[in-house]
Amino acid sequence: MAKVFGVFKTIRNNWKKSVFFTAVLSYGANFANEKYETHMFMSQCCKIVSAYGNMPLPVDKKPKKVTVILNPAANKRNSKSDFEKYCAPLLYLAGYSVTVLTTEREGGARSLVENLIGETDALIVAGGDGTLSEVVTGLLRRLKGDISLTEHLPIGILPLGRTNNVARQLLQPQDDNHVHFLTNATMAIINEVNSAHPVVKIENLESQNPEKCVYALNSIEWGALREAKVTRDQYWYFGKLRDLAAFVFGNKLIHYTLEADLEYSPPCSGCSNCYKKINSAMNKSSGLFSWISWAFSFNRNSGGIDYSKVINPECSKYSKVPIKTFNVNINLDVKPTPVLQIHVCPENISYSEFVKEGYSKFRDENSKIQNFIIEAKDVTVTPHIDKENKWLSIDNEDYEVKPMRLSLLPNAVYLFKPDNSINQKKNDQESSLSLDKFKNHIGLKQFV
């Protein structure tokens, strides 16, 4: 008993050291536990995928080839190590022939896809929203000059970037575990379930080369909120709070003002006017635009509706409105009928409202600012340029502000996603998954 009292006395007399070593031991134990759980989780996934990969192929089929476009600079240069630890092993065990191409500069993913040599069955984007936008841009640009690619070339997303909004929309993760997110994305590719996804075509109206347009899958942002995101890395010493710090110390941004003229047409689910646009494009080049008409046609998922006979007089009407605001955001809202949502913020807000908005973004909550929302199919933005607001973000990549036309292209690309057709419950690893279930495209939530 005297020894026990001696221990407590020693702790009391050296309480600072005791607290420090207790914190270190607690952190170490938690770190070791996470490593062990990750190891067991990856072992289970590898066993399932290896069983699938060991299945013999028919003599008339070759192993599937996939091309990975890896951005090694994504997520503070952690993307390459995460890909090699959590994604690549599953792809190799599934029997895929994997070619990894790494980007070396900004815009490198777009160039890699435009100049891609050799056959591939799928493109895999290992990066964030910006890398995905570059890959889609490179692919759709390539189709205008080289139609040797197969008509159905799906794209898989490995969420290895700092922002992965498109991947979150598709995969709908059930928790915040980064490893679960990556493995579920990889399993979606192996599961080979994909669906059509719209994109936004962005044309620079001042460009001498109209074919060099950009394609986005998420959002276009211009204004003070975008500037706060850009400056957040200046507050790196705040750690995870740097996103909030950019708003707390960005009091100058509340005076940010941008002006532009918007001209837009209302949303349309398909009509004779849209049908005529496709036909006029086909008449320019039968080979090239026959593919584009297949890719962008409303008839693909329309249930046999003949849109050439659907009359929508509102489709061709354009409305013009001037805006003066501190921030404008144009989001691609994927609905049964995709639309472009234009969020126009007020002209002025207070500093407290600005900080509250930063706090909402820090907690991944919806915006607290009352926005004026316009839904549209096509939008033309004519900015009033000054020296202070000449940059905007397209899928979190920086572009110079220019007069531009945004066009919604339905069914433009195919993206791998989980198979939600089968309603499944989460298993707490109480039983192993059978190969037959996997072959029948089981849902990915069972792997978590």
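Structure first, text after, so check above.
Figured I'd write up the structure that's included with this text.

Parameters and conventions
- Residues numbered from 1 in each chain as written.
- Predicted model: local features only at pLDDT ≥ 70, side-chain atom pairs only at ≥ 80, totals over all residues.
- Heavy atoms only, no water.
- Pairing = 2+ DSSP bridges.
- Helix = DSSP H or I, 4+ residues; strand = E, 2+ residues; numbered from the N terminus.
- Axes fitted to C-alpha atoms, helices over the stretch in contact; angles between N-to-C directions.
- Contact = heavy atoms within 4.5 Å.
- Parallel < 35°, antiparallel > 145°, perpendicular 65-115°, else oblique.
- Left-handed = near helix turned anticlockwise from the far one by under 90°.
- Nonpolar A, V, L, I, M, F, W, Y, C, P; charged D, E, K, R; others polar.
- Core = buried A, V, L, I, M, F, W, Y, C linked by side-chain atoms within 4.5 Å.
- Buried < 20%, exposed > 50% of the residue type's maximum accessible area, 1.4 Å probe, protein only.
- Lys, Arg positive; Asp, Glu negative; His and termini not counted.
- Salt bridge = Lys/Arg side-chain N within 4 Å of Asp/Glu carboxyl O.

**Overview of the sheet that holds strand β15 (residues 397-400)**
- Spatial strand order, β12-β11-β10-β7-β14-β15: 6 strands in an open sheet with antiparallel pairing. Unpaired on one side and paired on the other, β12 (372-376) and β15 mark the two borders of the sheet. Within this sheet the neighbouring strands show an average axis-to-axis angle of 20 degrees, counted without direction.
- Where strand β14 (residues 391-394) lies against β15, 4 bridges are found, and the strand directions are antiparallel. Considered in β15, the bridge of W391 is made with E400.
- Contacts from helix α9 (residues 224-231) reach β7 (219-223), β10 (327-333), β14 and β15, with the element oriented near 95 degrees to β7.

**A few points about unusual backbone geometry**
- Even without being a glycine, N75 presents a positive backbone phi close to 50 degrees.
- Within the secondary structure, N75 is located in helix α3 (residues 74-77).
- The phi torsion at N396 lies on the positive side, around 65 degrees, for a residue other than glycine.

**Let's talk about the packing of helix α4 (residues 79-93) against helix α8 (residues 178-191)**
- Close contact between α4 and α8 brings their axes to 9 Å; oriented N to C, the two are set at 30 degrees. Here α4 lies roughly parallel to α8, going by the angle between them. The way α4 lies across α8 gives a crossing that is right-handed. Side by side, α4 and α8 meet where D82, Y86, C87, L90 and L91 of the first sit next to H178, V179, L182, T183, T186, M187 and I190 of the second.
- Residues of the contact of α4 with α8, tallied by class, amount to 8 nonpolar, 3 polar and 1 charged.

**Some thoughts on the pairing of β14**
- Examined bridge by bridge, β7 and β14 share 2 bridges and lie antiparallel to one another. Note that in β14 the partner of I220 across the bridge is I394.
- If you look at the hairpin formed by β14 and β15, you'll find 2 residues sitting between the two strands, and D395 has a positive phi there, around 50 degrees.

**A look at the nonpolar core**
- Ranked by internal contacts, the top residues of the largest apolar core, which has 57 residues, are F83, V136, L158 and V199.
- Ranked by residue count, the leading element in this core is α8, at 8 residues.
- What L158 contacts, discounting residues up to four positions off in sequence, is F83, C87, I124, V125, A126, G127, A185, T186 and I189.
- Core analysis: the next-biggest nonpolar cluster, separate from the first, contains 39 residues, L262, L340, I349 and V401 among them.

**Observations regarding the side chain of D395**
- Structurally, D395 is set in the loop between β14 and β15.
- Among buried charged residues, D395 stands out as having no salt bridge; its nearest opposite-charge side chain is K229, 10.0 Å away.
- Filtering out sequence-adjacent residues up to four positions away, D395 remains in contact with D129, G130, S133, A216, L217, N218 and S219.

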